[in-house]
Every structure is written in structure tokens, then in C-alpha cells.
Amino acid sequence: MEIRFLGHSAFELTHDGVTVLIDPFLTGNPKAAASAEEVAADAILVTHGHGDHVGDTVAIAKRTGASVLAIVEIAEEFRGDGVEKVHDPNLGGTVHFGWGSAKLVPAWHTSTTPKGTVNTPAGLIVTIGSSTIYHLGDTSLFGDLELIGRRHAIDVALIPIGGHYTMDREDAVEAARMIGARQVIPCHYDTFPPIVTDAQAFAADVENSTASEVIVLAPGERHAP
Ligand code: NI
Ligand code: MN
């Protein structure tokens, strides 16, 4: 299994010829490491409805025929937009695919799609190959991160650290401690001026105060956990 950081909160997971995209915001993303026209996708997982997460989901799904998973209100919007294979769980729900599974867990944030559909934001627990990946979505620090970390043995946590719209890098250290992932990859920073932060300082703080290893990926870089 390999993780490629596509910039901002967008990731590509590949395993055994299967490609799973999470929050593929590429068009208009100043840090995008790929274009919406070139990425492959068997499945697209969306944490919440904000434009910097929904991104190019509909266009990529239509071009590739990928299955799309999002919380029910966003899923319904995707169906209306002509996406054919849509999965519509709610918080707590797990959807099984041929390649693994995806579960929606809580995130503390707000969310309305660019088209105006109000929805509850989520995080994603993704199993692919023998790895469990936790994409936190956009969230503040909250106590149930500890519960999620207890319930799932997380190999890699994808944690927002940019502040302003999400937890900042200091709160993200506490989040990493609570989740207890084997490895942590920071995201959702340096894309826009309000979320510029010091990822190396975050990495040092996490490694000094938790058992997690931090991998800071530049957009386009890959990591095999
Ligand atoms: Ni958001
Ligand atoms: Mn965001």
C-alpha cells in the first residue's frame, strides 16, 4: 500500500492496482500535485462538503466510473449530479468494497457544499491491503479522538495542522497522542495564507511527546507505511 499526498487534504491510496482518492480537491488547489484529468480512481471518499474537499469528485467519478462514498446528504447531491455508483452511509457506518472498507466517524466542523447542501462533516477510517488509515477530515481537537484510536489500530493518521479552519499544530500534537497511530502525516496546511504553519515543528513535537512517527510529505511525495 502506498500513500501519495496530492496537496491540501487530498490523498491517493494505491494497493494491488486499486486507486482510492480522498478529498480530491485539485482544480483551484495551489498545492495540487496532479490534475483532475490525469488521476486514476476506483473509489473516491469525501469527508465533508466544503469545496476544498469535494473538489473534483464529480468530474473524476464521471471520467473514471469510480464509486463515490460520502455522508448521505452529500451522496444524494452526487447522485443528482449524475454520479452512478454512490455509497451513502452516515456516521458510524462502514461500507465494504472489493479492496477494503471505509467508515465514517465524527469530526467537529461545519459543512455546506458549494451548491448549498448542508451536511455533517466526518472523518474516514479506511482499510486497504493490511493498512488502516484514519483521515480526520477537517476538525477541531475533541475528546472522542481517543475513543476512535482505541477502537481502531491506526497505522497512519492524516491530521490537519493548519489552524484557522481546523485544529492548529499544537492541538494536533494532542490529537496525535490521543489517536496513537503508528505513523502521522500532517495535512491541511500551507495551502492558503491563513493556514500557513511549521510542519517540521509539529513533527518534532509529536515525536518528542508521543510514540508516533511523523512523515512530512511535500505535495506529490509518496509514503509506504
Ligand atoms: Ni472544511
Ligand atoms: Mn478544509
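The rules behind the values
Residues numbered from 1 in each chain as written. Chains lettered and ligands numbered in written order. Predicted model: local features only at pLDDT ≥ 70, side-chain atom pairs only at ≥ 80, totals over all residues. Heavy atoms only, no water. Salt bridge = Lys/Arg side-chain N within 4 Å of Asp/Glu carboxyl O. Helix = DSSP H or I, 4+ residues; strand = E, 2+ residues; numbered from the N terminus. Buried < 20%, exposed > 50% of the residue type's maximum accessible area, 1.4 Å probe, protein only. Donors = N, O, S within 2.8 Å, 3.2 Å for Na, K, Ca; no water. Contact = heavy atoms within 4.5 Å. Polar contact = N/O pair within 3.5 Å; in protein donor to acceptor, adjacent residues only side chain to side chain. Tetrahedral: all angles 85-135°; square planar, octahedral: opposite > 155°, others 65-115°. Pairing = 2+ DSSP bridges. Axes fitted to C-alpha atoms, helices over the stretch in contact; angles between N-to-C directions. Left-handed = near helix turned anticlockwise from the far one by under 90°. Nonpolar A, V, L, I, M, F, W, Y, C, P; charged D, E, K, R; others polar.

Student: Explanation requested: the pattern of salt bridges in the structure shown.
Tutor: When the charged atoms of two side chains lie near each other, side chains of opposite charge can form a pair. Evaluation of the coordinates by the stated rule reveals nine salt bridges. In this structure, the salt-bridge partner of D155 is R182, at a minimum N-O distance of 3.4 Å. One end of the pair, D155, is in the loop between α4 (144–151) and β11 (156–160); the other, R182, is in the loop between α5 (169–179) and β12 (183–187), and 27 residues separate them in sequence. Overall, R182 belongs to the partly exposed group, its relative accessible area being 41%. Salt bridges sharing common partners tie together E76, R79 and D88.

Student: Explanation requested: the coordination of the manganese ion (ligand 2) in the structure shown.
Tutor: Around a metal, the idealised angle for a tetrahedral arrangement of four donor atoms is 109.5 degrees; for an octahedral arrangement of six donor atoms it is 90 or 180 degrees. Ligation of the manganese ion (ligand 2) by protein atoms is provided by D52 (OD), H53 (NE2), D138 (OD) and H188 (NE2), these donors lying 2.1 to 2.2 Å from the ion. Every donor residue of the manganese ion (ligand 2) comes from the same chain, spaced as D-H-x84-D-x49-H. With relative accessibility at 0%, the residue H53 sits in the buried group.

Student: Looking at this model, I keep getting lost on α5. Mind explaining?
Tutor: Note: α-helices contain 3.6 residues per turn, so residues at a spacing of three or four share the same orientation. Buried within α5 we find R169, A172, V173, A175, A176, M178 and I179. On its buried face, α5 is in contact with β10 (131–135), α4, β11, β12 and α6 (199–209). Residue D168 occupies the N-cap position of α5, its side-chain oxygen lying 3.2 Å from the main-chain nitrogen of E170. Note on α5: the residue one or two positions beyond its end, G180, has a positive phi of about 70 degrees.

Student: Honestly, the coordination of the nickel ion (ligand 1) in this entry has me stumped. Any pointers?
Tutor: For the nickel ion (ligand 1), the full set of protein donor atoms is H48 (NE2), H50 (ND1), H109 (NE2) and D138 (OD), at a range of 2.2 Å. Every donor counted, the four donor atoms about the nickel ion (ligand 1) form angles of 91 to 170 degrees at the centre, which fits irregular coordination. Here the donor residues for the nickel ion (ligand 1) map to a single chain with the spacing H-x1-H-x58-H-x28-D.

Student: Help me understand the sheet that holds strand β14 (residues 222–223) in this model?
Tutor: Sheet strands pair by backbone hydrogen bonding; their relative direction is either parallel or antiparallel. What the seven strands build is an open sheet, ordered β6-β5-β4-β3-β2-β1-β14; its pairing is mixed. Single-partner strands in this sheet number two, and they are β6 (86–87) and β14. Relative to β6, strand β5 (residues 67–69) is paired through two bridges, and the arrangement is parallel. Across the sheet, the residue bridging to V68 is V86, located in β6.

Student: Help me understand the packing of α5 against α6 in this model?
Tutor: When two helices pack together, their arrangement is given by the angle between their axes and by how far apart the axes lie. Viewed as axis vectors pointing N to C, α5 and α6 meet at an angle of 35 degrees, and their least axial separation amounts to 9 Å. Handedness of the crossing formed by α5 with α6: right-handed. Only A201, F202, D205, V206 and S209 of α6 make contact with α5, whose side of the interface consists of R169, A172, V173 and A176. In terms of residue class, the contact of α5 with α6 is made up of six nonpolar, one polar and two charged.

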